[in-house]
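Geometric and topological summary
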Amino acid sequence: MRDLAAELARLRTEHLYRSRAVVDGPQGAEITVNGARYLSFCSNDYLGLANHPRVVAALREGADKYGAGSGASHLVTGHQRAHHVLEEALAAFTGRPRALLFSSGYLANLGTVAALAGRGELLWEDRLNHASLLDAGLLSGARLHRYPHSDTSALRQRLMQNTGRHAMIITDGVFSMDGDLAPIPQLADIAQRQDAWLMVDDAHGLGVLGAGGRGTLEHFGLDDTAVPVLIGTLGKAFGTFGAFVAGSADLIEYLIQHARPYVYTTALPPALAHATLASLRILQEEGWRREHLQNLITRFRHGAEQLGMQLLPSPTPIQPLLVGSSERALALSAALRQHGIYVSAIRPPTVPKGTARLRITLSAAHSETHVDRLLTALDTVS
Ligand SMILES: *Cc1c(COP(=O)(O)O)cnc(C)c1O
């Protein structure tokens with residue numbers, strides 16, 4: 001048996017121990033943590049929809065209509081009207097023939113990758129892909145290669161040395177801990193030339209990027225020929241919970257037959273699907289949320305540069321400040337809390353060793369004054 005106490009002690013000495021803060025009340029620009037009020041810069045609620053009155057009302061209405069739980073998996077009797085309508089709306093939103101709901105992004109990735117790749121086949125993943133994509137690659141049994149971050153020439157070379165096998169390239173659309181965009185046009189070109197599939201997990205791009213909020217692919221003007229497999233999550237900009245895969249009718253039907261994390265799990269509570277339909281409408285109707293968010297991003301970056309801070313090349317609401325050591329990241333996060341500001345320290349193994357950071361995220365729920373308060377506090381503590 002493992003010595004659990006020794007392992008926990010090691011994590012503490014290495015400043016890698018993780019613990020949970022207890023939050024009371026909804027997400028928003030301000031949150032209550034362990035009884036104190038903070039200005040928050042760490043949620044993924046990029047559009048401020050997690051506590052939007054219309055979304056909350058739809059959740060209630062959904063509960064009245066469908067009850068609390070779905071009671072079964074989709075293939076038994078769990079596939080309710082609300083799920084079906086949401087899938088059709090998500091397909092239309094992403095401009096694809098079909099979409100399939102999953103209970104979370106983690107499960108969507110496990111299910112999709114393991115259904116589409118297996119023994120004897122090749123997977124190419126960006127080194128900074130989200131953990132769920134890397135776990136999915138391992139679970140699939142395919143041979144998993146990780147290429148250097150966004151290095152399309154390295155990927156092209158390696159793919160050319162490995163022709164003749166079914167291959168799939170997998171990338172985050174927006175990298176979750178860095179905020180930069182994947183070079184998707186180049187990846188699509190490589191995939192097409194090498195007859196490989198391209199799958200994009202746009203967890204942090206959907207709702208945020210593109211004039212219509214259709215994400216990284218809208219930003220680059222790419223369609224489902226270039227990127228046949230698109231993953232979206234609903235717990236971030238949509239403000240609710242769950243995830244989906246969008247693509248061809250054959251892709252969706254294939255996943256319904258083969259994606260085990262789809263088949264063998266209880267369907268999402270239908271009330272959540274009903275609420276997500278409301279947040280999808282708001283996300284489409286209220287373009288000002290994206291514009292306001294972009295203004296805040298510009299304001300933050302400009303302010304941080306004036307203060308001499310090192311920013312990563314991120315055009316998204318994810319604006320990390322690289323710190324280096326886990327110890328220093330924790331200390332800065334604690335110092336910011338002293339100023340009433342909540343920003344989480346992200347440490348290995350979530351990010352590579354030596355690249356611990358403060359992962360600042362902006363939201364349409366913030367005001368310009370909030371961003372200015374953050375900048376002042378950062379200047380004071382650093
Ligand atoms: C958050 C995230 C996921 C997981 O989605 P959940 O719905 O939270 O399980 C998957 N991929 C990426 C890139 C993410 O950032």
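About the criteria used
- Residues numbered from 1 in each chain as written.
- Predicted model: local features only at pLDDT ≥ 70, side-chain atom pairs only at ≥ 80, totals over all residues.
- Heavy atoms only, no water.
- Helix = DSSP H or I, 4+ residues; strand = E, 2+ residues; numbered from the N terminus.
- Contact = heavy atoms within 4.5 Å.
- Pairing = 2+ DSSP bridges.
- Domains from an automatic or database assignment.
- Buried area = accessible area lost by both parts, 1.4 Å probe.
- Salt bridge = Lys/Arg side-chain N within 4 Å of Asp/Glu carboxyl O.
- Polar contact = N/O pair within 3.5 Å; in protein donor to acceptor, adjacent residues only side chain to side chain.
- Near = heavy atom within 4 Å.
- Nonpolar A, V, L, I, M, F, W, Y, C, P; charged D, E, K, R; others polar.
- Axes fitted to C-alpha atoms, helices over the stretch in contact; angles between N-to-C directions.

**Description of the side chain of glutamate 125**
- Relative to the assigned elements, glutamate 125 resides in strand S5 (residues 122-126).
- Residues contacting glutamate 125, with those up to four places away along its chain left out, are Leu133, Leu134, Gly137, Leu144, His145, Arg146, Tyr147 and Ile170.

**Section: the sheet that holds strand S12 (residues 341-342)**
- On the basis of which strands lie adjacent, the open sheet formed by four strands has the order S1-S2-S3-S12 and mixed pairing. Looking along the sheet, the strands with just one partner apiece sit at the ends: strand S1 (23-24) and S12.
- Where strand S2 (residues 30-33) meets strand S3 (residues 36-40), four bridges bridge the pair, whose relative direction is antiparallel. Following the sheet pairing, isoleucine 31 is matched in S3 by tyrosine 38.

**Considering the domain arrangement of the chain**
- Domains assigned within the chain are domain 1 (15-44 + 287-381) and domain 2 (53-285).
- Contacts between domain 1 and domain 2 engage 20 residues on the former and 24 residues on the latter.
- Across the domain 1 to domain 2 interface the summed buried area is about 1500 Å²; carbon plus sulfur atoms make up 58%.
- When the area that domain 1 buries against domain 2 is broken down by residue, the three leading residues are Asn44, Arg290 and Ile318, summing to 39%.
- Our count for the contact surface shared by domain 1 and domain 2 stands at one salt bridge.
- We note a salt bridge from aspartate 178 to arginine 357, for which the minimum N-O separation is 3.1 Å.
- Taken together, the links from domain 1 to domain 2 amount to nine residue pairs in polar contact (both at pLDDT 80 or more).
- For the side of domain 1 that touches domain 2, the secondary-structure elements that each account for two or more residues are helix H13 (288-306), strand S11 (318-324) and strand S14 (356-361).
- If you tally residues by element for the side of domain 1 that touches domain 2, the top one is H13, at four residues.

**Regarding the site of the ligand**
- Around the ligand there are 14 residues in total, and Gly105, Tyr106, Asp201, His204 and Lys236 lie nearest to it.
- Aspartate 201 is positioned such that a nitrogen or oxygen atom in its side chain is 2.5 Å from a nitrogen atom of the ligand.
- A distance of 2.7 Å is found between an oxygen atom of the ligand and a side-chain nitrogen or oxygen belonging to lysine 236.
- Split by residue class, the shell around the ligand holds two nonpolar, nine polar and three charged.

**Quick look at the sheet that holds strand S6 (residues 143-147)**
- The mixed open sheet is built from seven strands, whose spatial order is S4-S10-S9-S8-S7-S5-S6. Every interior strand has two partners, whereas the edge strands, strand S4 (98-102) and S6, have only one. Within the sheet, the average angular offset between the axes of one strand and its neighbour, ignoring direction, is 20°.
- For S4 and strand S10 (residues 243-247), the ladder comprises five bridges, and the chain directions are antiparallel. Considered in S10, the bridge of arginine 98 is made with glycine 247.

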